[in-house]
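# Observations on the model geometry
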Amino acid sequence: MGYHEACGAIKTPYVAKCPQHKQRAVRFPGTASAAELVFYCPECPPGTFINRGFGASCDCALGGALSFTVHRSGNVFKPRGISMINPPRREILIRIEQAGGGERALEWMLEGMVGRRLTESAAAQNPASIRKLLEDRGFDDATISAMISAMPDTSESGKSTLALDPELRADAERQAKQVALATFESRITIADLLARSTSEMLRDQYRAEYPRALRRAGIERIELIDKFPVLTAQFGYTRGKPNPGDSRLRTYREKTGEYIVYGDLAQTEALLVKLDPVMVLSWLLRKGFALPNASGNREAAETILAAMGPADRPNDLTEAVIELVHSISHAFIKRAAVYAGIERSALSEVVLPTAFSFFVYAAARGDFVLGGLQALFESDLHLLLDGMVDDEHRCALDPGCEDTGGACAVCLHLGEPSCRMFNTRLSRKALAGGLGYFDVTTSAS
Ligand SMILES: [Zn+2]
Ligand SMILES: [Zn+2]
Ligand SMILES: [Zn+2]
Ligand SMILES: [Zn+2]
């Protein structure tokens, strides 16, 4: 079929018959290119032809040639959409905002996600979030100001306000809020597994094997979210080259011109994987970044965030952290697919670099949740982590792959439905090979 990249029109290919003999025939070129098809008339003298390819132009105002290919090609129609963590009920979003929103969420992440959910952690003590809380409760301005000025000064009570690039702070608060939203209604920790298990064998595994494997992999925590709220929305499609920027996005519109987004809100299962900030800092130091040393998770996380540039203006440190979290996410997904018995393309990621975290979630199929990630979480997590650390980290395509960044379809790439970052910012060098994360974590434990 023919398509026009610029306007999105599709046309049935058409080739005229020989005007004299009313016949036409085709010679296949032995390639997949429609432009090399030769149409000729069997009655006319050899060497003459009617048409090479379908060669037609679009009759739209933009003009230009149609491209021809088989109808099932991804170039003809590529759906464009997003998935995002979306609370199933608006009330949850309101409760998080009233509790202090992104600022409270960031504080909660830095403190190690204490409590079952964000709203059970210690409330933020700073005047701005208290003002917001009081406003939401309906107090008037004068009363709020009086109450805030009567508050004891907490600025000397240890927790200094973290000095961050304002845009980076916005990134970090937004990502922390995503974790807070996702974990608000369901959250199962390894401590929960231990508490509810009656099998001595499993209890030993949760007490000894899991913590050991997490430590060796430099992972602070893995948690199961069995009602992970994800919104999948389709807003349009492209024809032609699949890479962003190479083709024109056709959005879905009403006849009135209004945009339409087709959405599907579902709850599925997910794992939250959060790297150990102390290990991330050690790794960054090993790579040669000039950062102060820090003790403890909170101090290490703050040290890294204070040196990071925002996603829109990334510095080398931002790039290194994104590449690390993203590469571990892919290495994890490849193995999780095997252990969870889920097709790899049915697992997707949400990468949250400023939270040193990522979510792996299973594609939602209606109301049905397969339970593969839960089974993995309950019984094979240590095997997966040990494998991720100890497996061969070379690629079958080395040295070629190594020389071009250390990530290719054979080793670290995932299919397009799984990866939201188009397989960029990935490298096996972030994982192993001397300056890799696992080189640091295994020598520390
Ligand atoms: Zn057109
Ligand atoms: Zn003819
Ligand atoms: Zn490779
Ligand atoms: Zn990815």
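Only a predicted model underlies this, so the values are computations on that prediction, with no experimental measurement involved. (Residues numbered from 1 in each chain as written. Chains lettered and ligands numbered in written order. Predicted model: local features only at pLDDT ≥ 70, side-chain atom pairs only at ≥ 80, totals over all residues. Heavy atoms only, no water.)

### Focus on the coordination of the zinc ion (ligand 2)
Protein ligation of the zinc ion (ligand 2) involves Cys18 (SG), His21 (ND1), Cys41 (SG) and Cys44 (SG), the donor distances falling in the range 2.1 to 2.4 Å. Of note is the zinc ion (ligand 2), whose four donor atoms meet at the metal with angles of 104 to 114° in an arrangement that counts as tetrahedral. (Donors = N, O, S within 2.8 Å, 3.2 Å for Na, K, Ca; no water. Tetrahedral: all angles 85-135°; square planar, octahedral: opposite > 155°, others 65-115°.)

### A few points about the nonpolar core
Grouped together as the largest cluster of nonpolar side chains are 100 residues, with contacts concentrated most on Ile222, Phe332, Phe359 and Leu385. Tallying contributions element by element places helix α10 (residues 316–340) first for this core, with 13 residues. Residues within four places of Leu385 in sequence aside, it is in contact with Ala213, Leu214, Ala217, Ile219, Ile222 and Phe332. Judged by nonpolar contacts, the second largest core, of nine residues, contains Ala34, Phe39, Phe54 and Phe68. (Core = buried A, V, L, I, M, F, W, Y, C linked by side-chain atoms within 4.5 Å. Buried < 20%, exposed > 50% of the residue type's maximum accessible area, 1.4 Å probe, protein only. Helix = DSSP H or I, 4+ residues; strand = E, 2+ residues; numbered from the N terminus. Contact = heavy atoms within 4.5 Å.)

### Section: the domain arrangement of the protein
When the domains of the protein are assigned, the result is domain 1 (1–76) and domain 2 (84–148 + 163–444). Taking only C-alpha atoms into account, the centre of domain 1 sits 48 Å from that of domain 2. Of the residues lining the interface, nine residues belong to domain 1; the matching set on domain 2 comes to ten residues. Interface of domain 1 and domain 2: buried area, both sides summed, is about 750 Å²; carbon and sulfur atoms make up 40% of it. By the criterion of area lost to domain 2, the three top residues of domain 1 are Glu5, Gly8 and Asn75, representing 53% of everything that side buries. At the junction of domain 1 and domain 2, the tally comes to zero salt bridges. Along the contact surface separating domain 1 from domain 2 lie three residue pairs in polar contact (both at pLDDT 80 or more). The residue makeup of the side of domain 1 that touches domain 2, split by class, is six nonpolar, two polar and one charged. (Domains from an automatic or database assignment. Buried area = accessible area lost by both parts, 1.4 Å probe. Salt bridge = Lys/Arg side-chain N within 4 Å of Asp/Glu carboxyl O. Polar contact = N/O pair within 3.5 Å; in protein donor to acceptor, adjacent residues only side chain to side chain. Nonpolar A, V, L, I, M, F, W, Y, C, P; charged D, E, K, R; others polar.)

### Details of the packing of α10 against helix α11 (residues 372–390)
Two elements in contact, α10 and α11, have axes whose closest approach is 9 Å; the angle formed by their N-to-C orientations is 125°. In terms of orientation, α10 and α11 fall into the oblique class. Regarding α10 and α11, the two cross each other, and that crossing is right-handed. Residues Ile328, Ala331, Phe332, Arg335, Ala336, Tyr339 and Ala340 of α10 form the contact with α11, whose own contacting residues are Gly372, Leu373, Leu376, Asp380, Leu381, Leu383, Leu384, Leu385, Gly387 and Met388. Partitioning the contact of α10 with α11 into residue classes produces 13 nonpolar, two polar and two charged. (Axes fitted to C-alpha atoms, helices over the stretch in contact; angles between N-to-C directions. Parallel < 35°, antiparallel > 145°, perpendicular 65-115°, else oblique. Left-handed = near helix turned anticlockwise from the far one by under 90°.)

### Thoughts on the coordination of the zinc ion (ligand 3)
For the zinc ion (ligand 3), the full set of protein donor atoms is Cys395 (SG), Cys401 (SG), Cys408 (SG) and Cys411 (SG), and the range of their distances to it is 2.3 to 2.4 Å. One can describe the site at the zinc ion (ligand 3) as tetrahedral: its four donor atoms subtend angles covering 102 to 119° at the metal. Between consecutive donors of the zinc ion (ligand 3), the numbers of intervening residues give the motif C-x5-C-x6-C-x2-C.

### Some details on a nonpolar patch on the surface
A contiguous nonpolar surface patch, about 280 Å² in accessible area, is contributed by Val338, Tyr339 and Leu383. Residue placement: Leu383 occurs in helix α11. (Patch = residues over 30% accessible without salt bridge, like charges linked within 9 Å, V, L, I, M, F, W, Y side chains within 5 Å. Areas by Shrake-Rupley, 256 points an atom, 1.4 Å probe, with all protein chains shown as cover.)

### Observations concerning the sheet that holds strand β6 (residues 67–68)
With antiparallel pairing, the three strands of this open sheet are ordered in space as β2-β1-β6. The open sheet terminates on both sides in strands that have one partner only, identified here as β2 (10–11) and β6. Here strand β1 (residues 2–3) runs beside β6; their pairing, made up of two bridges, is antiparallel. Bridge pairing in β6 links Tyr3 to Ser67. (Pairing = 2+ DSSP bridges.)

### A word on the side chain of Gln205
Structurally, the position occupied by Gln205 is in helix α7 (residues 200–216). Reaching out from Gln205, the side chain makes a polar contact with the backbone oxygen of Ser379 at a distance of 2.8 Å. Excluding residues that lie within four positions of it along the chain, Gln205 makes contacts with Tyr210, Pro211, Glu378, Ser379 and His382.

### Topic: the sheet that holds strand β3 (residues 25–27)
Taken in spatial order, the three strands make up an open sheet running β3-β4-β5, and their pairing is antiparallel. Of all the strands in the sheet, the pair left with one neighbour each is β3 and β5 (51–52).

### Brief notes about the pattern of salt bridges
Counting across every chain of the model gives 27 salt bridges. Note that Arg298 is salt-bridged to Glu111, the shortest N-O span being 2.8 Å. In this pair, Arg298 is assigned in helix α9 (residues 297–307) and Glu111 in the loop between α2 (101–110) and α3 (127–136), connecting sequence segments 187 residues apart. Of the residues examined, Arg298 reaches a relative accessible area of 19% and is grouped as buried. In this structure, the salt-bridge partner of Arg174 is Asp171, at a minimum N-O distance of 3.7 Å. Placement of both Arg174 and Asp171 in helix α5 (residues 166–182) is noted, with a separation of three residues, approximately one turn of the helix. On the accessibility criterion, Arg174 (45% relative accessible area) is partly exposed.

### A short note on the pairing of strand β10 (residues 262–275)
With 13 bridges joining them, strand β8 (residues 219–238) and β10 adopt antiparallel strand pairing. What sits directly across from Leu231, in β10, is Leu265. Strand direction decides the pairing type here: β10 and strand β12 (residues 357–362), joined by five bridges, are antiparallel. For Leu272, the partnering residue across the bridge sits in β12 and is Phe359.

### Things to note about unusual backbone geometry
In the segment running from Asp398 into Pro399, the intervening peptide bond is cis, with an omega of 5°. The phi torsion at Phe422 lies on the positive side, around 50°, for a residue other than glycine. With respect to the helices, strands and loops of the structure, Phe422 is situated in the loop between α12 (400–403) and α13 (437–444). By relative accessible area, Phe422 is classed as partly exposed at 44%. One non-glycine residue with positive phi stands out, namely Arg425, at about 50°. Within the secondary structure, Arg425 is located in the loop between α12 and α13.

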